[in-house]
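Given next are the chains, with one letter for each unit.
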Amino acid sequence: MTPTPRAERLLPKVRCALDRIESLVVDENFVPALTRQRFTIGAVGHGVIAIVAKVLPSFLEAAPMARIDIQPLGSDMGERLEDGRLDLIFYGGPTVPPDCHSVPILENGFMLLMRKDHPLTLSTAPGVAPSIGNLEQYRRISIKVRADKERRVLEQTSGSELSQDQIAISTEYFVDGPILLLDNDLITILPTPTALRFQSLGPWAAMPTPWAASSFTVKLAWHHRVHDDPAITWLRKFIVHHTVDLRGALPAADLNFPSLAA
């Protein structure tokens with residue numbers, strides 16, 4: 001069976017009506033301290049390192065019996081948001097899936113990362129970018145991100161002017177790059193918050209890029225189906241509140257989130 005053209009036109013209105021009916025039976029008295037709810041969040045490694053890790057201590061204190069499940073993003077993330085397999089996503093693409101709301105969470109630039117005693121760190125003043133020529137003396141780890149239908153190579157996203165011939169290894173996992181840097185003179189390119197996070201842990205050094213690195217924005221997104229769900233509303237506001245210092249020049253988040261039905 002296939003819907004008629006009239007059914008297709010009515011579908012958005014029917015979905016909106018069903019959402020409103022569902023909201024009548026949702027428990028409005030959501031208490032974070034008592035909930036055992038399992039929240040499912042879609043994210044790539046950068047979202048986990050830069051956002052989830054920052055929010056987690058406060059989340060565990062506010063909702064000590066709740067649980068967060070992290071799942072990979074993919075080309076079906078819109079369907080998974082719509083049918084409830086995902087509650088929220090952290091997404092760096094230009095547009096969010098259909099029928100979804102979003103709010104900017106994290107503004108990203110890019111930095112170089114290498115081991116702390118790398119020859120570049122010993123020959124370059126703190127806060128100064130090495131030259132392209134100096135960088136190209138060393139081979140690189142290339143990190144590929146698969147968040148939707150495309151694989152994005154981070155160093156290309158950053159606007160890198162480095163030769164692709166110098167890549168020694170590629171991986172789709174954000175943690176792989178830093179770990180693989182520890183016993184050699186390889187370098188890698190990471191979003192600034194993730195690079196600085198690894199630098200803070202000890203054995204790594206983050207350096208500016210010698211090119212004008214581009215930037216991208218990570219958004220928190222959710223389907224309109226859960227727009228008025230008390231638990232999801234609490235979690236998204238909680239995340240926005242505890243990531244205010246990550247937004248840089250981004251506009252302040254609007255916690256009222258205009259309705260798609262408006």
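Residues numbered from 1 in each chain as written. Predicted model: local features only at pLDDT ≥ 70, side-chain atom pairs only at ≥ 80, totals over all residues. Heavy atoms only, no water.

1. Here we look at the overall build of the protein chain
Next up, step 1: Counting secondary structure elements, the protein chain contains nine helices and 11 strands.
Next up, step 2: Looking at the protein chain as a whole, 43% of its 262 residues qualify as buried.
Next up, step 3: Accessible surface for the protein chain amounts to roughly 13,700 Å². Of this, 54% is attributable to carbon and sulfur atoms. (Helix = DSSP H or I, 4+ residues; strand = E, 2+ residues; numbered from the N terminus. Buried < 20%, exposed > 50% of the residue type's maximum accessible area, 1.4 Å probe, protein only. Areas by Shrake-Rupley, 256 points an atom, 1.4 Å probe, with all protein chains shown as cover.)

2. Some words on the sheet that holds strand E11 (residues 216-223)
Next up, step 1: Spatial strand order, E2-E1-E3-E11-E4: five strands in an open sheet with mixed pairing. A strand with exactly one partner marks an edge of an open sheet, and here the two such strands are strand E2 (67-71) and strand E4 (100-108). Averaged over all neighbouring strand pairs, the angle between strand axes comes to 25 degrees, with direction disregarded.
Next up, step 2: Here strand E1 (residues 38-42) runs beside E2; their pairing, made up of five bridges, is parallel. What sits directly across from Thr40, in E2, is Asp69. (Pairing = 2+ DSSP bridges. Axes fitted to C-alpha atoms, helices over the stretch in contact; angles between N-to-C directions.)

3. As for the pairing of E1
Next up, step 1: With four of five residues buried, E1 is to be regarded as a mostly interior element.
Next up, step 2: Where the polypeptide runs from E1 across helix H2 (residues 45-62) and back to E2, its parallel neighbour, the crossover connection is right-handed.
Next up, step 3: Strand direction decides the pairing type here: E1 and strand E3 (residues 88-91), joined by two bridges, are parallel. The partner of Gly42 across the bridge, within E3, is Ile89. (Right-handed = clockwise from strand over helix to strand, strands pointing away.)

4. A closer look at a nonpolar patch on the surface
Next up, step 1: On the surface, Val31, Leu34 and Met65 cluster together into a nonpolar patch covering about 260 Å² of accessible area.
Next up, step 2: Here Met65 lies in the loop between H2 and E2. (Patch = residues over 30% accessible without salt bridge, like charges linked within 9 Å, V, L, I, M, F, W, Y side chains within 5 Å. Salt bridge = Lys/Arg side-chain N within 4 Å of Asp/Glu carboxyl O.)

5. Description of the packing of aromatic side chains
Next up, step 1: The full count for this structure, using the stated rule, is eight aromatic pairs.
Next up, step 2: Taking the centre distance of 6.4 Å and the plane angle of 35 degrees together, the rings of Phe39 and Trp234 count as tilted. Here Phe39, found in strand E1, pairs with Trp234, found in helix H9 (residues 230-241); they are 195 residues apart in sequence, far enough to count as distant.
Next up, step 3: Looking at Phe39, the relative accessible area reads 0%, which means it is buried.
Next up, step 4: Through successive ring pairs, a cluster of aromatic residues spans Phe30, Phe39, Phe59, Trp234 and Phe238. (Phe/Tyr/Trp six-rings, centres within 6.5 Å; stacked < 30°, edge-to-face > 60°.)

6. Description of the side chain of His223
Next up, step 1: Here His223 is to be found in strand E11.
Next up, step 2: Residue classification places His223 among the buried residues on the basis of a relative accessible area of 8%.
Next up, step 3: Leave out the neighbours within four places in its chain, and His223 touches Leu81, Glu82, Pro98, Asp99 and Cys100. (Contact = heavy atoms within 4.5 Å.)

7. Structural notes on the nonpolar core
Next up, step 1: Counting 54 residues, the largest nonpolar core has Phe59, Phe90, Leu220 and Ile239 as its most contacted members.
Next up, step 2: Top contributing element to this core by residue count: H9, with seven residues.
Next up, step 3: In this view, Phe90 contacts Ile41, Gly42, Ala43, Ile51, Val52, Leu73, Val218, Lys219, Leu220 and Ile239; residues no more than four positions away in its chain are not counted.
Next up, step 4: With eight residues, the next largest nonpolar core counts Met77, Tyr91, Cys100 and Ala221 among its residues. (Core = buried A, V, L, I, M, F, W, Y, C linked by side-chain atoms within 4.5 Å.)

8. Regarding the environment of Leu34
Next up, step 1: Secondary-structure assignment places Leu34 in the loop between helix H1 (5-25) and E1.
Next up, step 2: Counting along the chain gives 32 residues from Leu34 to Ala66, while the straight-line C-alpha distance between them is 8.2 Å.

9. A look at unusual backbone geometry
Next up, step 1: Even without glycine at this site, Asp99 takes up a positive phi of about 65 degrees.
Next up, step 2: Residue position: Asp99 is located in the loop between E3 and E4.
Next up, step 3: In this structure Asp99 comes out as partly exposed when scored by relative accessible area, which is 39%.

10. Quick notes on H2
Three or four residues apart is the spacing at which side chains of an α-helix point the same way, because the helix has 3.6 residues per turn.
Next up, step 1: In this model, H2 (18 residues) spans 24 Å end to end at C-alpha, consistent with the 26 Å of a helix rising 1.5 Å per residue.
Next up, step 2: The axis of H2 is deflected most strongly, by about 45 degrees, at Val52.
Next up, step 3: Those residues of H2 that fall on the buried side of the exposure criterion are His46, Gly47, Ile49, Ala50, Ile51, Val52, Val55 and Phe59. (Expected span 1.5 Å × (residues − 1). Bend = angle between axes of the 7 residues up to and from the residue.)

11. Considering the confidence of the model for the protein chain
Next up, step 1: Summarising the model, the protein chain shows a mean pLDDT of 85, and 85% of its residues fall at 70 or more.
Next up, step 2: Every residue in residues 257-262 scores below 50 in pLDDT, and together they form 16 contacts with partners more than four places removed in sequence or on other chains. (pLDDT = per-residue confidence, 0-100.)

12. Some details on the packing of H2 against helix H8 (residues 192-200)
Next up, step 1: At a minimum axis distance of 9 Å, the contact between H2 and H8 shows a crossing angle of 65 degrees. Between H2 and H8 lies a crossing of left-handed hand. Facing H2, whose interface residues are His46, Ile49 and Ala50, H8 presents Pro193, Thr194, Arg197 and Phe198.
Next up, step 2: When its residues are assigned to classes, the contact of H2 with H8 shows four nonpolar, two polar and one charged. (Left-handed = near helix turned anticlockwise from the far one by under 90°. Nonpolar A, V, L, I, M, F, W, Y, C, P; charged D, E, K, R; others polar.)

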